[in-house]
Amino acid sequence: MATYKLYYFNGRGRGEVSRLIFAAAGQKYEDIRFEGEQWPSHKSEMPLGQLPVLEFNGVKLPQSISIARFLAKQFNLAGKDNFEQAQVDAVVDTIADLVNKFIAVRFEADEAKKQELGKTFFAEELPKQLKNLETLGKLYGKGGAFFVGNQLTWADLLFYDVGESLLGAEANALDNFTFLKQNRAEVAKLPKIAEYLKSRPVTPF
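As the structure is a computational prediction, the values presented were derived from the model and not from experiment.

Engineer: Where do I start with the nonpolar core in this structure?
Structural biologist: Burial of nonpolar side chains together is a common tendency in soluble globular proteins. Counting residues in hydrophobic clusters, the biggest one holds 51 residues, and the most contacted among them are Ile21, Leu130, Leu133, Trp154, Leu157 and Leu180. Where this core is concerned, the elements lending two or more residues are strand S1 (4-9), helix H1 (16-25), helix H2 (64-74), helix H3 (82-106), helix H4 (111-140), helix H5 (154-169), helix H6 (178-189) and helix H7 (191-199). Structurally, this core is a two-domain feature, drawing no fewer than three residues from each of domain 1 (4-76 + 193-199) and domain 2 (82-189). In contact with Trp154, not counting residues within four places along its chain, are Val17, Ile21, Ile65, Ala68, Arg69, Ala72, Leu77, Ala78, Val88, Asp89 and Val92. Within the second largest apolar cluster, eight residues are counted, among which are Tyr8, Ile32, Phe34 and Leu51.

Here it is, written out as structure tokens:
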């Protein structure tokens, strides 16, 4: 029987999409969460000295997107065939474009520059990236609420999580994007996801 352990910090961050995949699949796993002060003593145990890491049957795999894609394939959440998987990957890559730009704002050290970058991001960059995602959802979703094939994939779970961070920073971020709002609502209503969201630890990130 396959065994899964997920190592990450005690926060959502880059580990949460994998936790959501496990939840959607109803798959048991060991959710190992390090507090900040615990991490240095475990860093050398990880292949690249970073988190998240998935341990599958005793072998450790780094890189958050590689982990999530593997789990999605394991649990039939990656698309029904090769072309659907490519469509899912296109959505995921577009979400990654958005996240990378958001992170640049979040982690800017100079406060004045951070304020300026934030204004530009929310006024210009974010609407452009969200429009790209809405375009893909309408193109591949077959008229449904999910991004690809009118069925849940890990692209929906990734956007659900990223959307939580965006809405935490800008409550009205999705107001002009009907498909994206509906997509997050449909994910949150799924019984296994709803149960996980209700029971997961409350964390600052």
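Engineer: So what exactly am I meant to see when it comes to the packing of H1 against H7 here?
Structural biologist: At their nearest, the axes of H1 and H7 sit 8 Å apart, and the two run at 130° to each other. With respect to H7, the axis of H1 lies oblique. You can see that H1 and H7 cross each other, and the crossing is right-handed. The segment H1 lies against H7, with Glu16, Arg19, Leu20, Ala23, Ala24 and Ala25 engaging Lys192, Ile193, Tyr196 and Leu197. Of the residues belonging to the contact of H1 with H7, the class tally is seven nonpolar, no polar and three charged.

Engineer: What is the right way to read H7 from this model?
Structural biologist: For an α-helix, the turn length of 3.6 residues means that residues three or four places apart are oriented alike. Within H7, the full set of buried residues consists of Ile193, Tyr196 and Leu197. Taken end-on, H7 shows its buried residues confined to a sector of 100°, consistent with a single buried face. Turned more than 90 degrees from where H7 packs its buried face, Pro191, Lys198 and Ser199 sit exposed. Residues of H7 that are buried make contact with H1, strand S2 (30-34), H5 and H6.

Engineer: Any chance you could explain the environment of Glu55 here in plain terms?
Structural biologist: With respect to the helices and strands, Glu55 occurs in strand S3 (residues 53-56). Each C-alpha atom, one on Glu55 and one on Ile95, is 25 Å from the other, the two residues being 40 residues apart in sequence. When near neighbours in sequence (up to four residues on either side) are disregarded, Glu55 contacts Thr3, Tyr4, Lys5, Tyr7 and Lys60. A distance of 2.7 Å separates a polar atom in the side chain of Glu55 from a polar atom in the side chain of Tyr7.

Engineer: Explanation requested: empty space enclosed by the protein in the structure shown.
Structural biologist: Regions of empty space are outlined by a rolling probe, equal in size to a water molecule, passed over the atoms. Applying the stated rule across the entire model yields one cavity of 30 Å³ or more. Taken together, the elements giving at least two residues each to the lining of the largest cavity come down to H2 and H3. At three residues, the largest contribution of residues to the lining of the largest cavity is made by H3. Residue composition of the lining of the largest cavity, by class: three nonpolar, one polar and three charged.

Conventions and cut-offs
Residues numbered from 1 in each chain as written. Predicted model: local features only at pLDDT ≥ 70, side-chain atom pairs only at ≥ 80, totals over all residues. Heavy atoms only, no water. Core = buried A, V, L, I, M, F, W, Y, C linked by side-chain atoms within 4.5 Å. Buried < 20%, exposed > 50% of the residue type's maximum accessible area, 1.4 Å probe, protein only. Helix = DSSP H or I, 4+ residues; strand = E, 2+ residues; numbered from the N terminus. Domains from an automatic or database assignment. Contact = heavy atoms within 4.5 Å. Axes fitted to C-alpha atoms, helices over the stretch in contact; angles between N-to-C directions. Parallel < 35°, antiparallel > 145°, perpendicular 65-115°, else oblique. Left-handed = near helix turned anticlockwise from the far one by under 90°. Nonpolar A, V, L, I, M, F, W, Y, C, P; charged D, E, K, R; others polar. Arc of directions from axis to C-beta. Polar contact = N/O pair within 3.5 Å; in protein donor to acceptor, adjacent residues only side chain to side chain. 1 Å grid on protein atoms, 1.4 Å probe; cavity = no way out; pocket = protein on both sides within 12 Å on 5 of 7 lines; lining within 4 Å. Points joined across faces, edges and corners; volume = space filled by probe spheres on them.

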